[in-house]
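# Overview (structure and organization)
Take a look at the letters that make up each chain.
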Amino acid sequence: MQPLNLHDFEARARELLDPGVLAYVEGGALDEITLRENAAAFQRRRLRPRVLAGAGDVDPSTTLLGAPVSMPIGIAPTARQGLAHAGAELAMARAAAEAGVVFTASTMSTMPLETIAGGGGLRWFQLYVFEDKALTRSLIERATAAGYRALVLTVDTPVSSKRERDLRLGVQAVEGVCGNFDPAEPAAVAAASITSNFDPNMTWDIVGWLRSLSPLPVVLKGIVTAEDARRAVEHGVDAIWVSNHGGRQLDRTVAAIDALEEVATAAGGRAEVYVDGGVRRGLDAIVALALGARAVFIGRPAYYALACNGQAGVHDALEILRAELINAMALAGAPSLRDLDPSFVR
Ligand code: FNR
Ligand code: LAC
């Protein structure tokens, strides 16, 4: 059966994925309150459409950090995509390139970042900072050399969280499959397989350190407050990615869409603002875009689509979202992204 929406992909992926992998992908931290709330908070929002707006010619294209994209929906970094499908990150990157959207490759990818670069398209590199600074520096240099166009530093994971589905079922199933690290180097392999090797002492100085190593724009992923958004702007970041890691880190963190408004206001146009967590429909995207996001990202939905049908699955999922977003813009009376503002949402 041809999937009609992202929920259909998810249902099919549940049947296909190994139970340990499914637990890893669909789960969140502790009671999974934030995980559920991310989607629920989107669904509580109501639209205030405008009529007679000339909606025959809808254009969802925009730019992200100066690069053109066909729509403001991109792919968030998810680790270890080889557990979903043999095509792994290369298939996902190709689907994103074909759709003209941004693909964010995780530090913890199954394939080396150089292999993923072969997928073409607009690619960003998600960075985890390890206690081993030489290892971290080499990742940054490799990503810069391989044509990634931004460093997305994840800041909501100073330490690992308690994910009870993993503990019950299969955390071992997902360890040790990260292609960015040299299997001949014990330190690198340890870093790749144990998230507790992330540097827990990272502070705001890290932004300057990244700048000293790479000319790429810096995006901070995992900010949910105006306080941190202001600090990020003071430190000169290029973009702020509102996220609670899909409910996988600090449970009971505010829902992503509820955090967006204060972050967008604090950023005040001095940095681009993105959001992820619970985006499942073009309607979620239009709500976020109206509330100040320049783009939204999907995590689990892309992973599920990859599990269902590799590159073609991710391609179909992106085209479903595109059609939903275009339809929503037409029906809401906002044929251009510039038409959207917070008055479209209640
Ligand atoms: C993630 N996420 C994530 N984030 C990150 O910065 N680096 C990573 O390696 C990963 N890995 C990862 C694996 C899996 C299986 C999931 C589900 C998520 C978080 C991801 O980028 C994103 O923030 C959330 O997935 C967004 O929420 P939704 O779209 O899954 O609801
Ligand atoms: C996760 C880590 C890898 O969420 O970011 O599983």
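A few points on the structure. From a predicted model like this one, the values you see are computed outputs, not experimental measurements. (Residues numbered from 1 in each chain as written. Chains lettered and ligands numbered in written order. Predicted model: local features only at pLDDT ≥ 70, side-chain atom pairs only at ≥ 80, totals over all residues. Heavy atoms only, no water.)

## A closer look at the site of ligand 1
By nearness alone, 23 residues border ligand 1, and Pro77, Ser106, Thr154, Asp276 and Arg280 come closest of all. A distance of 2.7 Å separates an oxygen atom of ligand 1 from a polar side-chain atom of Ser106. In this structure, a nitrogen atom belonging to ligand 1 sits 3.3 Å away from a side-chain N or O atom of Tyr128. Against a free-state accessible area of 600 Å², the protein chains account for coverage of 99% of ligand 1. Where the shell around ligand 1 is concerned, the elements lending two or more residues are helix H2 (19–26) and helix H13 (300–332). (Near = heavy atom within 4 Å. Polar contact = N/O pair within 3.5 Å; in protein donor to acceptor, adjacent residues only side chain to side chain. Areas by Shrake-Rupley, 256 points an atom, 1.4 Å probe, with all protein chains shown as cover. Helix = DSSP H or I, 4+ residues; strand = E, 2+ residues; numbered from the N terminus.)

## Looking at the nonpolar core
In this structure, Tyr148, Leu220, Ile240 and Leu260 are the most contacted members of the largest nonpolar core, which totals 106 residues. Here this core takes 15 residues from H13, the largest share from any one element. Filtering out sequence-adjacent residues up to four positions away, Tyr148 remains in contact with Ala105, Leu113, Ile116, Ala117, Arg123, Trp124, Phe125, Ala143 and Leu216. In this structure, Val69, Ala150, Val219 and Phe297 belong to the second largest nonpolar core, which totals 15 residues. (Core = buried A, V, L, I, M, F, W, Y, C linked by side-chain atoms within 4.5 Å. Buried < 20%, exposed > 50% of the residue type's maximum accessible area, 1.4 Å probe, protein only. Contact = heavy atoms within 4.5 Å.)

## So, the environment of Leu340
Position of Leu340 among the secondary structure elements: in the segment after H13. Note: C-alpha distance between Leu340 and Ala288 (52 residues apart in sequence) is 9.8 Å. Not counting the four nearest positions on each side in its chain, Leu340 is found in contact with Ile286, Leu289, Ala290 and Ala334.

## A closer look at unusual backbone geometry
In the Ramachandran plot, Leu65 falls in the positive-phi region, its phi being about 50 degrees despite a non-glycine side chain. Looking at the secondary structure, you find Leu65 in the loop between strand E1 (62–64) and strand E2 (67–69). If you check the backbone angles, Arg252 has positive phi at about 75 degrees while not being a glycine. Among the secondary structure elements, Arg252 is positioned in the loop between strand E8 (239–242) and helix H11 (256–267). Overall, Arg252 belongs to the exposed group, its relative accessible area being 61%.

## Some points on the packing of aromatic side chains
As enumerated under the stated definition, the model contains nine aromatic pairs in all. Look at Tyr128 and Phe198: their rings are 4.1 Å apart centre to centre, the planes differ by 20 degrees, and that puts the pair in the stacked class. Highlighted residues: Tyr128 in the loop between strand E5 (123–127) and helix H6 (133–145) and Phe198 in the loop between helix H8 (186–193) and helix H9 (205–213), separated in sequence by 70 residues. Its relative accessible area of 10% is what places Tyr128 among the buried residues. On the basis of an interplanar angle of 65 degrees and a centroid distance of 5.4 Å, the ring pair of Phe130 and Phe198 is categorised as edge-to-face. Here Phe130 is found in the loop between E5 and H6, whereas its partner Phe198 is found in the loop between H8 and H9, with 68 residues between them in sequence. Take Phe198: its relative accessible area is 3%, and that puts it in the buried class. Among the aromatic side chains, those forming a connected cluster through ring pairs are Trp124, Trp241, Tyr274 and Phe297. Directly above the aromatic system of Phe344 lies the positively charged group of Arg50, at a separation of 4.3 Å from the ring centroid. Over the ring of Trp241 we find Lys221; its NZ or CZ atom is 5.7 Å from the centre of that ring. (Phe/Tyr/Trp six-rings, centres within 6.5 Å; stacked < 30°, edge-to-face > 60°. Lys NZ or Arg CZ within 6 Å of the ring centre and 35° of its normal.)

## Regarding the site of ligand 2
Taken together, Tyr24, Ala79, Tyr128, Arg163, His245 and Arg248 make up the full set of residues adjacent to ligand 2. In this structure, an oxygen atom belonging to ligand 2 sits 2.6 Å away from a side-chain N or O atom of Tyr24. Here Arg163 contributes a side-chain N or O atom positioned 2.9 Å from an oxygen atom of ligand 2. The fraction of the free accessible surface of ligand 2 (220 Å²) that becomes covered by protein chains is 90%.

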